[in-house]
Amino acid sequence: MATALLTPRVLDRPLQSFCWPRHWSERRPLLERQHDRLEAQLAGMIERHGDGRVELEPDEAQREWRDGARLLRQLRLHLRLEERWLAEARVLCGGHRVSHRQAAERAITGFREGGHRRLARLQWLLEIQVWFDHHRLGADAIAYARAQGTSG
């Protein structure tokens, strides 16, 4: 009886397996949702940084730093997944890969150099946003269309 009280209810349910999509028609929407989430995260962070305050309370500064680190991690993961899937579709060109690598390096460098300085962090966020918007409407759009054409 005591064991039943300590056993989480989760264990009573069958495990749900997750399988990554295999076809481009299923992969593209997932990548687009990641794009949308990254754009929304960037917009929210830019809005918070644009409030005009230079000094923050320590807990706010720590939260902003964590948000920046999370953005970097999610951006890098997205770029790696996108490269993997575009390579599998045989539409990833070297220039696209180099653009990803350069953007990731600049993002990491900007994050480190900005530290907890709000104006530097705002500039960093704006640079990422400009690159991301141009890349999504340019190189990504072309590669995604090519991948759609090869799979359909």
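These figures come from a predicted structure and were not determined experimentally.

1. Description of the pattern of salt bridges
Right, so step 1: For the structure shown, the criterion picks out 10 salt bridges.
Right, so step 2: For Arg 27, the salt bridge goes to Glu 88, with nearest N and O atoms at 2.8 Å. Taken together, the positions of Arg 27 in helix 2 (residues 24–49) and Glu 88 in helix 3 (residues 58–88) put the pair 61 residues apart, joining distant regions of the chain.
Right, so step 3: Overall, the relative accessible area of 10% leaves Arg 27 in the buried class.
Right, so step 4: On the basis of relative accessible area, Glu 88 is assigned to the partly exposed category, the value being 42%.
Right, so step 5: Notably, a salt bridge pairs Arg 136 with Glu 32, separated by 2.6 Å at the nearest N-O pair. With Arg 136 in helix 5 (residues 118–151) and Glu 32 in helix 2, this residue pair connects regions lying 104 residues apart in the sequence.

2. So, the side chain of Gln 41
Right, so step 1: Note that Gln 41 resides in helix 2.
Right, so step 2: With relative accessibility at 18%, the residue Gln 41 sits in the buried group.
Right, so step 3: Apart from residues lying up to four places away in sequence, Gln 41 is in contact with Asp 67, Arg 70, Leu 71 and Gln 74.

3. Looking at empty space enclosed by the protein
Right, so step 1: Applying the stated rule across the entire model yields 1 cavity of 30 Å³ or more.
Right, so step 2: Size it by volume and the largest cavity reaches roughly 30 Å³.
Right, so step 3: What lines the largest cavity is Leu 56, Ala 61, Glu 64, Trp 65, Gly 115, His 116, Arg 117, Arg 118 and Arg 121.
Right, so step 4: For the lining of the largest cavity, the elements supplying multiple residues, two or more each, are helix 3 and helix 5.
Right, so step 5: Here the lining of the largest cavity takes 3 residues from helix 3, the largest share from any one element.

4. Thoughts on unusual backbone geometry
Right, so step 1: Of note in the backbone geometry, Arg 90 takes a positive phi value of approximately 65° without being a glycine.
Right, so step 2: Tracing the backbone through its elements, the reader meets Arg 90 in the loop between helix 3 and helix 4 (94–114).

What counts, and where the lines are drawn
Residues numbered from 1 in each chain as written. Predicted model: local features only at pLDDT ≥ 70, side-chain atom pairs only at ≥ 80, totals over all residues. Heavy atoms only, no water. Salt bridge = Lys/Arg side-chain N within 4 Å of Asp/Glu carboxyl O. Helix = DSSP H or I, 4+ residues; strand = E, 2+ residues; numbered from the N terminus. Buried < 20%, exposed > 50% of the residue type's maximum accessible area, 1.4 Å probe, protein only. Contact = heavy atoms within 4.5 Å. 1 Å grid on protein atoms, 1.4 Å probe; cavity = no way out; pocket = protein on both sides within 12 Å on 5 of 7 lines; lining within 4 Å. Points joined across faces, edges and corners; volume = space filled by probe spheres on them.

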